[in-house]
Amino acid sequence: EEEEEEEKKKRPSEIMMKREPEEMNKREEKIGDKYLIREFKKGDYVDLRIAVCGNVDAGKSTMVGVLTNGDLDDGRGSARSSVFLHKHESVTGRTSSVAQHIIGYDAKGGCINYENERMQKVSWKNIVEKAGKIITFIDLAGHEKYLKTTVFGMVGTKPDYACIMIGANMGVTRMTKEHLGLCLALKIPIIVIVTKVDLCPPNILKETMATIKKIFKLPGVRKLPFYIKSEKDLYTAADNISGGRIAPIIMMSAVTGQGVDYVQHLLNILPKKVNQEELSTKDTEFIIDNTYFVNGVGTVVSGILTQGTIKANDTLKIGPDGNGNFRKVQVKSIQRKRVNVNEASAGHQCCLAL
């Protein structure tokens, strides 16, 4: 048993609670001396939240569109048009809100979003039903005037990791440094994706990479840049990124497809940062970030369950109000990833009908 425990510590794996063999799907993959084992039950999936930040026009929404829809960009914004929430975002080509999009992986590591040949759009419900792991992208604004919105998205959604997008042709800008500082202050592990490498001259790309390396050596950063050049590097990065010492760097083009497979594979093998099982045993705490009034349903609140568990028909206290008081409310129903569930545990992002 001690030898088995030692083996588990060496694996960059996501090992969930053990189920009965007939209830599980299981996949084991060997890369060198590393193993990836994922065990899950239907409806019980690994949920990772990844904040996508970086300077304006760095290709954040474009990357999210390419990963979630499976179609490469045409160089004129076709990929990002499918992920914008508002009309003015489509017109300007710039995100001004906090948008969330998901991508699901099955037991074999295949992407569920575009599993069919025609790459037809798959609903969130279908993704949740088939997924063993779900990545929730938090697409944040890059423009300076939306910095408060970006800070709200980074703090309120509690991401497990952050993807800092850097345009190869633009280099490291002031807003890139602001977002990097925010990730460091919140102690969020960082993945650097250098975009638009297809249209960047070699000398400019070399300067950009040198600048990134220089910034990571600064006393306030102190991260080791780890360049992803092979599939084996992905497993090494996934094994060490949670410690916060290294920062994987992937060069990508949403037009030619260079590096897209590396990004997909890394997302598939990233481990969960927080131990949800331990937090679920504590007193319930749900942080509200938005409130709605839905016709026929009533008051709905959305947010993150930071600790404890919530079940349908539970009675909770909500507050404080203007006088600092809390009032009792009953949870009528729970939705997670737009799907009705009976229970939510620590770390889950969900909506509660009160």
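To be clear, the structure that these remarks concern was listed above.
A brief look at the structure comes next. Note that the structure is a prediction, hence the values are computed from the model and not measured. (Residues numbered from 1 in each chain as written. Predicted model: local features only at pLDDT ≥ 70, side-chain atom pairs only at ≥ 80, totals over all residues. Heavy atoms only, no water.)

1. Points about the packing of aromatic side chains
And then number 1: Enumeration according to the criterion identifies zero aromatic pairs in this entry.
And then number 2: For Arg338, the ring lying beneath its charged end belongs to Trp124, and the centroid distance is 3.8 Å. (Phe/Tyr/Trp six-rings, centres within 6.5 Å; stacked < 30°, edge-to-face > 60°. Lys NZ or Arg CZ within 6 Å of the ring centre and 35° of its normal.)

2. A closer look at the side chain of Asn55
And then number 1: Tracing the backbone through its elements, the reader meets Asn55 in the loop between strand 3 (46-54) and helix 2 (60-69).
And then number 2: The exposure class of Asn55 is buried, given its relative accessible area of 11%.
And then number 3: Once you skip the residues sitting within four places of it in the chain, Asn55 turns out to touch Lys60, Gly142, Met165, Met170, Thr173, Met175, Thr176 and His179. (Helix = DSSP H or I, 4+ residues; strand = E, 2+ residues; numbered from the N terminus. Buried < 20%, exposed > 50% of the residue type's maximum accessible area, 1.4 Å probe, protein only. Contact = heavy atoms within 4.5 Å.)

3. Points about the layout of surface pockets
And then number 1: Roughly 840 Å³ of volume is contained in the second largest pocket.
And then number 2: As for the second largest pocket, its lining consists of 31 residues, and the residues nearest its centre are Ala99, Gln100, His101, Trp124 and Arg338.
And then number 3: Listing elements by their share of the lining of the second largest pocket, those giving two or more residues are helix 2, strand 4 (99-105), helix 4 (124-130), helix 5 (147-156), strand 10 (285-294), strand 11 (298-307) and strand 18 (349-353).
And then number 4: Along the lines of polarity and charge, the residues of the lining of the second largest pocket split into 13 nonpolar, 14 polar and four charged. (1 Å grid on protein atoms, 1.4 Å probe; cavity = no way out; pocket = protein on both sides within 12 Å on 5 of 7 lines; lining within 4 Å. Points joined across faces, edges and corners; volume = space filled by probe spheres on them. Nonpolar A, V, L, I, M, F, W, Y, C, P; charged D, E, K, R; others polar.)

4. Examining unusual backbone geometry
And then number 1: Geometrically, the link from Gly319 to Pro320 is a cis peptide bond, its omega value of 0° lying close to zero.
And then number 2: Its place among the elements puts Pro320 in the loop between strand 13 (315-318) and strand 14 (327-330).
And then number 3: Positioned with a positive phi, Asp57 is a non-glycine residue whose angle comes to about 65°.
And then number 4: You can see Asp57 is positioned in the loop between strand 3 and helix 2.
And then number 5: For Asp57, a relative accessible area of 36% corresponds to the partly exposed category.
And then number 6: Within the chain, Arg338 stands out as a residue other than glycine whose phi angle is a positive 65°.
And then number 7: Relative to the assigned elements, Arg338 resides in the loop between strand 15 (333-336) and strand 16 (339-341).
And then number 8: A relative accessible area of 58% means that Arg338 is categorised as exposed.

5. Remarks on the sheet that holds strand 9 (residues 246-251)
And then number 1: Taken in spatial order, the seven strands line up as 4-5-3-6-7-9-8 in an open sheet, and their pairing is mixed. On the outer flanks of this sheet lie strand 4 and strand 8 (224-227), each paired with one strand and no other. Each neighbouring strand pair of the sheet contributes to a mean axis angle of 25°, computed without reference to strand direction.
And then number 2: With seven bridges connecting them, strand 4 and strand 5 (residues 133-139) associate as antiparallel partners. Residue Gln100 lies in a different strand from strand 5, and its bridge partner there is Ile138.
And then number 3: In this fold helix 9 (residues 260-269) packs onto strand 3, strand 4, strand 5, strand 7 (190-195) and strand 9, with an angle of close to 115° to the strand it touches most, strand 5. (Pairing = 2+ DSSP bridges. Axes fitted to C-alpha atoms, helices over the stretch in contact; angles between N-to-C directions.)

6. Some words on the pattern of salt bridges
And then number 1: By the definition in use, this model includes six salt bridges.
And then number 2: Of the charged contacts in the structure, one is a salt bridge between Asp57 and Arg94, with a shortest N-O distance of 3.6 Å. A residue pair is termed long-range when its members are at least 10 positions apart, and Asp57 in the loop between strand 3 and helix 2 and Arg94 in the loop between helix 3 (87-92) and strand 4 qualify at 37 residues.
And then number 3: Between Arg76 and Asp74 there is a salt bridge, and its shortest N-O distance comes to 3.8 Å.
And then number 4: Under the relative-accessibility criterion, Asp74 is labelled partly exposed at 36%.
And then number 5: Counted as one network, the salt bridges with shared partners bring together Asp47, Arg336 and Lys337. (Salt bridge = Lys/Arg side-chain N within 4 Å of Asp/Glu carboxyl O.)

7. Concerning the sheet that holds strand 10
Whether parallel or antiparallel, the strands of a sheet pair through hydrogen bonds between backbone atoms.
And then number 1: One open sheet accounts for five strands, arranged 10-11-18-15-16; its pairing is antiparallel. Looking at which strands have only one partner, the edges of the open sheet turn out to be strand 10 and strand 16. Pairs of neighbouring strands in the sheet enclose a mean axial angle of 35°, with direction left out of account.

8. Re the packing of helix 5 against helix 6 (residues 174-185)
And then number 1: Their axes nearest at 11 Å, the elements helix 5 and helix 6 cross at an angle of 25°. Here helix 6 runs roughly parallel to helix 5, going by the angle between their axes. Seen from above, helix 5 lies across helix 6 with right-handed handedness. Where helix 5 abuts helix 6, its residues Leu147, Thr150, Val151 and Met154 lie against Met175, His179, Leu182 and Cys183.
And then number 2: Along the lines of polarity and charge, the residues of the contact of helix 5 with helix 6 split into six nonpolar, two polar and no charged. (Parallel < 35°, antiparallel > 145°, perpendicular 65-115°, else oblique. Left-handed = near helix turned anticlockwise from the far one by under 90°.)

9. Observations concerning the nonpolar core
And then number 1: The biggest cluster of nonpolar side chains holds 38 residues, and the ones touching the most others in it are Leu267 and Leu270.
And then number 2: Among the elements that line this core, the one with the most residues is helix 9, at five residues.
And then number 3: If sequence neighbours within four positions are ignored, Leu267 has contacts with Ile50, Leu67, Tyr105, Lys133, Ile135 and Phe137.
And then number 4: Residues Cys53, Ile166, Ile188 and Phe216 belong to the second largest nonpolar core, which totals 27 residues. (Core = buried A, V, L, I, M, F, W, Y, C linked by side-chain atoms within 4.5 Å.)

10. Side note on the side chain of Ser253
And then number 1: Looking at where Ser253 falls in the secondary structure, it is placed in the loop between strand 9 and helix 9.
And then number 2: Overall, Ser253 belongs to the buried group, its relative accessible area being 0%.
And then number 3: A polar side-chain atom of Ser253 sits 3.1 Å from a polar atom in the side chain of Thr256.
And then number 4: Among residues more than four places away in sequence, those in contact with Ser253 are Val197, Asp198, Gln258 and Val260. (Polar contact = N/O pair within 3.5 Å; in protein donor to acceptor, adjacent residues only side chain to side chain.)

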